[in-house]
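Architecture and fold: a report
Below are the chains, spelled out letter by letter.
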Amino acid sequence: MASNPMEQFTVHRIGPEIKIAGIDLSFTNASLFMVISASIILLFLFFGSKEKKIIPNKIQLIAEIFYNFVAKMISDTAGSKAKPYFPFIFSLFMFVLFCNMVGMLPYSFTVTSHIIVTLIMALFIFVAVTIIGFLKHGFKYLKIFVPSGVPAILLPLITIIEIISYLSRPVSLSVRLFANMMAGHTMLKVFGGFVVSLGILGGWLPLGFSVALTGLEILVAFLQAYVFAILTCIYLNDALNLHH
Amino acid sequence: MRSLFSLSIALTAMSTNLYAAEAGMPQLDPTYWASQAFWLILVFLILYIAISKFYLPKIKDNLDNRENKIKEDLEYANKFKEQSEAKAKEYDIILKNAKKEVSKIHFESKNILDKDIQSKKEIMEKDIEKEILKAKKEISELKKNSMTSIQSISESIVSDIIENISGNKLNESSIKATVEDISKKNINKYL
């Protein structure tokens, strides 16, 4: 069991089976860790915004740093028009970040290492951004596929490439997060397995690797949450401010 | 590049063993996909509502409060600074006026004193001159008196000497004339 590095990604049911209209919606370990991550976020924000001090205490300061971080990210990439979407992007960033970070704890489950989870988020963003684009610009939004300043001969080719790149957005967005998280955790598991199998004599080298990889994975966990959020901002920017 | 690479890996993995997930990736086992989707949407919806309705407004309020407080405090500080600068200017003006007044008073009092001293000096000089005149008069009077007394004394001395030497008394008038004559000749030597 310990030898299979993919074992950690299996989903199993916790508690009773819930079936609605023939679809299995049971509470699983994935659901449990979603709830745990969301609860940690809510608890953190609760204590971070409980006392309204002029000079903040530590937890309030951290909450405010997160707020300013996301606010700056949105205003830098998507401008002031993106302000109504700030709560969504903040929630998205916090959720992905905390799911990644909770996944770094031993014996925990990484929600974002499942393609279905990241794909649903990415598809939702894709559909929402497309709807926002059409609502704001009407059919002029299709101009996003026709960049200005391109020679007329190249225009059909460029347009096809633009359409493909636009349609591949949800796939690239979801696979990037999913693959990064899965690969990192698999590596950690593999090196952990080496530590056990090589024993007390030869296990020190993979143990060192494991420690280094853990640090790297914490960085990746933050970075992928940031990338996920900032790409959402960039897509939103395309929809809100039509540049082409 | 990295994303394209991972995309191709994932796509091949999906196409090759989509329904044989036990062999490879549990992620591709569709048994709990619906459950994960359902719970993800539910949890994220709750999280989103809680964050957007409760927490973000609170944090924003707090940040705005702090910014306003800082702005107000800065305004206060600027106001106080201006006030203190105005007061310092006032103080400077008062100081300058006071200095002017002091020099004026100094000048005036000096003038008054000078005048006073001048007038007193004049009076004193007049007094001194009077005194000097008086003294001169006294001296000249004394001189005259001394002349006559010297003559009479020298006359008596002469008559005594002559009497002692010759035993005769000389005529007083002739003695007088001689003494007068000699003393007149030599008076300038002594007086």
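Residues numbered from 1 in each chain as written. Chains lettered and ligands numbered in written order. Predicted model: local features only at pLDDT ≥ 70, side-chain atom pairs only at ≥ 80, totals over all residues.

1. Notes on the interface of chain B and chain A
Every contact between the two is made by 35 residues of chain B and, on the other side, 39 residues of chain A. Residue assignment for the side of chain B that touches chain A shows that the elements contributing at least two residues are α1 (2-16) and α2 (33-166) of chain B. Looking at which element gives the most residues to the side of chain B that touches chain A, the answer is α2(B), with 25 residues. Here the side of chain B that touches chain A is composed, by residue class, of 22 nonpolar, 10 polar and three charged. (Contact = placed C-beta atoms within 7 Å. Helix = DSSP H or I, 4+ residues; strand = E, 2+ residues; numbered from the N terminus. Nonpolar A, V, L, I, M, F, W, Y, C, P; charged D, E, K, R; others polar.)

2. Section: the packing of helix α1 (residues 29-50) of chain A against helix α3 (residues 86-103) of chain A
All names here are of chain A. Look at α1 against α3: their axes get within 9 Å of each other, and the N-to-C directions meet at 115°. The handedness of the crossing between α1 and α3 is right-handed. Taking contact as the criterion, the partners of Phe33, Ile36, Ser37, Ala38, Ile40 and Ile41 in α1 are, on α3, Met94, Phe95, Phe98, Cys99 and Val102. (Axes fitted to C-alpha atoms, helices over the stretch in contact; angles between N-to-C directions. Left-handed = near helix turned anticlockwise from the far one by under 90°.)

3. Focus: the nonpolar core
Among the nonpolar cores identified, the biggest contains 68 residues, and A:Ile89, A:Phe93, A:Phe95, A:Val96 and A:Ala229 are the most heavily contacted of them. Of all the elements in the fold, those that place two or more residues in this core are α1, α2 (58-77), α3, α4 (115-137), α6 (169-202) and α7 (204-240) of chain A together with α2 of chain B. Aside from chain neighbours lying at most four places away, what touches A:Ala229 is A:Val70, A:Met73, A:Ile89, A:Leu92 and A:Phe93. (Core = buried A, V, L, I, M, F, W, Y, C linked by C-beta atoms within 7 Å. Buried ≥ 20, exposed ≤ 12 C-beta atoms within 10 Å, placed from the backbone.)

4. Quick notes on the environment of B:Val179
All names here are of chain B. Within the secondary structure, Val179 sits in helix α3 (residues 172-190). Given 20 C-beta atoms within 10 Å, Val179 falls into the buried group. When the C-alpha atoms of Val179 and Ser154 are compared, they prove to be 7.1 Å apart, with 25 residues separating the residues in sequence. Apart from residues lying up to four places away in sequence, Val179 is in contact with Gln151, Ser154, Glu155 and Val158.

5. Description of unusual backbone geometry
All names here are of chain A. The phi dihedral of Tyr107 falls on the positive side, at around 65°, and the residue is not glycine. Residue position: Tyr107 is located in the loop between α3 and α4. For Tyr107, a count of 5 C-beta atoms within 10 Å corresponds to the exposed category.

6. Some details on α1(A)
Helical geometry: 3.6 residues make up each α-helical turn, so side chains three or four residues apart lie on a common side. With 22 residues, α1(A) extends 31 Å from end C-alpha to end C-alpha; this agrees with the ideal 32 Å at 1.5 Å per step. If you follow the buried residues of α1(A), they end up packed against α2 and α3 of chain A together with α2 of chain B. (Expected span 1.5 Å × (residues − 1).)

7. As for the environment of A:Leu32
Secondary-structure assignment places A:Leu32 in helix α1. Through-space distance from the C-alpha of A:Leu32 to that of A:Ile14 is 8.4 Å; in sequence the pair is 18 residues apart.

8. Some thoughts on the confidence of the model for chain B
Residue and element names in this part refer to chain B. Taken residue by residue, chain B gives an average pLDDT of 83. The fraction at 70 or more is 85%. Considering each helix and strand of chain B separately, the mean pLDDT is smallest for α1, with a value of 55, and largest for α2, with 90. Confidence drops under a pLDDT of 50 for residues 15-22, and excluding neighbours within four residues, the segment shows seven contacts in the predicted structure. The complex prediction reports pTM at 0.71, with the ipTM value standing at 0.88. (pLDDT = per-residue confidence, 0-100.)

9. Here we look at α2(A)
Its 20 residues give α2(A) an end-to-end C-alpha distance of 29 Å, which sits within 8% of 28 Å, the value for a rise of 1.5 Å per residue. Those residues of α2(A) lying buried are A:Ala63, A:Tyr67, A:Val70, A:Met73 and A:Ile74. Angularly, the buried residues of α2(A) cover 130° about the axis, an arc narrow enough to put them on a single face. Of the exposed residues in α2(A), those oriented more than 90 degrees away from the buried face are A:Lys58, A:Ile65, A:Asn68, A:Lys72 and A:Asp76. Of the surrounding elements, those touching the buried residues of α2(A) are α1, α3 and α7 of chain A together with α2 of chain B. Looking one or two places after α2(A), you find A:Gly79, whose phi comes out positive at around 80°. (Arc of directions from axis to C-beta.)

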